[in-house]
Amino acid sequence: METLAVERRIPAVAKTESIIKAEGVSLSFGNVTALDNVGIDVSQSEVVTIVGPSGAGKSTFLRCLNLLTKPDTGRIAIEGKLIFNNSGTVNKRDLREVRRKLGMVFQRFHLFPHLTALENVTLAMLDARIATRDEAVEIATGLLDRVGLLKRALAPAPRLSGGEQQRVAIARALAMKPRALLFDEPTSALDPEASREVLSVMKELAQQGTTMVVVTHEMKFALNVSDRILFMEAGRAIESGSAEDMFYRAKSPRAKEFFAQALNHLGN
Ligand code: ADP
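Residues numbered from 1 in each chain as written. Predicted model: local features only at pLDDT ≥ 70, side-chain atom pairs only at ≥ 80, totals over all residues. Heavy atoms only, no water.

(A) Main features of the nonpolar core. Residues V121, L144, I170, F183, M202 and M212 are the most contacted members of the largest nonpolar core, which totals 41 residues. For M212, the contacting residues outside a window of four places in its chain are E46, V47, V48, L181, F183, M202, L205, A206 and F221. Of all hydrophobic cores here, the second largest spans 30 residues; its members include A56, L62, L65 and L230. (Core = buried A, V, L, I, M, F, W, Y, C linked by side-chain atoms within 4.5 Å. Buried < 20%, exposed > 50% of the residue type's maximum accessible area, 1.4 Å probe, protein only. Contact = heavy atoms within 4.5 Å.)

Here's what the structure looks like:
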């Protein structure tokens, strides 16, 4: 099989600093084992995508990384600082810090409907008191420009298309100057055109060196943009490797089958 020409990212600066390190993360909902001993290590400027069949535990694992969902056991460190250690409790200050450091973009955008695009982006900064109103407006304007929405800054959120709303959500996450962005199936509620808009913004962020962990079914994005792919199934991390290795040289039978099917869909 011929290898796709993989679009390389701009070489990231030093990829040495660990931004997110999770080990042995396990979680059950009643008698459903959602996560069984899953780990990840994400360095600065790395883009890691998490793929696998529905119900594999991908979203649950992503939510565990910023403690939106608390694991039963495991260790999670952000920038080398342990924020969750087995079944220990998490103090509120650590929780605030982790939420600020890891911006989250959800499948459904969760914008405030009574606010404009600009206000949705400024609000988080004002709430966290990390900017004055003037500074917040300036930062938000710059970020809306970066996601291609400067002209829509004053539009009320419900007037924006799905793709525009998701791009506002990305600008809002970036406004907190996070150390990494977590994306939970950011295009699965969108039509193909809107998905393309959002994926193109995400690709640009990746090229600019943004550290990203992305749960996605968009296999073309996984192939072209990821530095590393983690393949999950039935609550377990089955295999991880570079995009090329996973798509063309996966070792485990299930990963082989999954990526072969994906290549088939991509027309390769
Ligand atoms: P994926 O993102 O790979 O589709 P999920 O992380 O959403 O998988 O789900 C993993 C498993 O955990 C599934 O069996 C799902 O039904 C279960 N699950 C996820 N969230 C909950 C919850 N809040 N309560 C009960 N079961 C859940």
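(B) Quick look at the side chain of N120. Note on placement: N120 falls in helix α3 (residues 117–127). Non-local contacts of N120, meaning those with residues more than four positions away in its chain, are made with L111, F112, L115, A157, V168 and R172. (Helix = DSSP H or I, 4+ residues; strand = E, 2+ residues; numbered from the N terminus.)

(C) Here's a closer look at the sheet that holds strand β10 (residues 236–241). The six strands lie next to each other as β6-β7-β8-β3-β9-β10, forming an open sheet whose pairing is mixed. The open sheet terminates on both sides in strands that have one partner only, identified here as β6 (102–105) and β10. Taking the axes of each pair of neighbouring strands and ignoring which way they run, one obtains an average angle of 20° across the sheet. By the bridge criterion, four bridges tie β6 to strand β7 (residues 180–184) in an arrangement that is parallel. By the bridge assignment for β7, L102 is matched with A180. Against the sheet, helix α5 (residues 162–175) touches β6 and β7, its axis set at about 170° to β6. (Pairing = 2+ DSSP bridges. Axes fitted to C-alpha atoms, helices over the stretch in contact; angles between N-to-C directions.)

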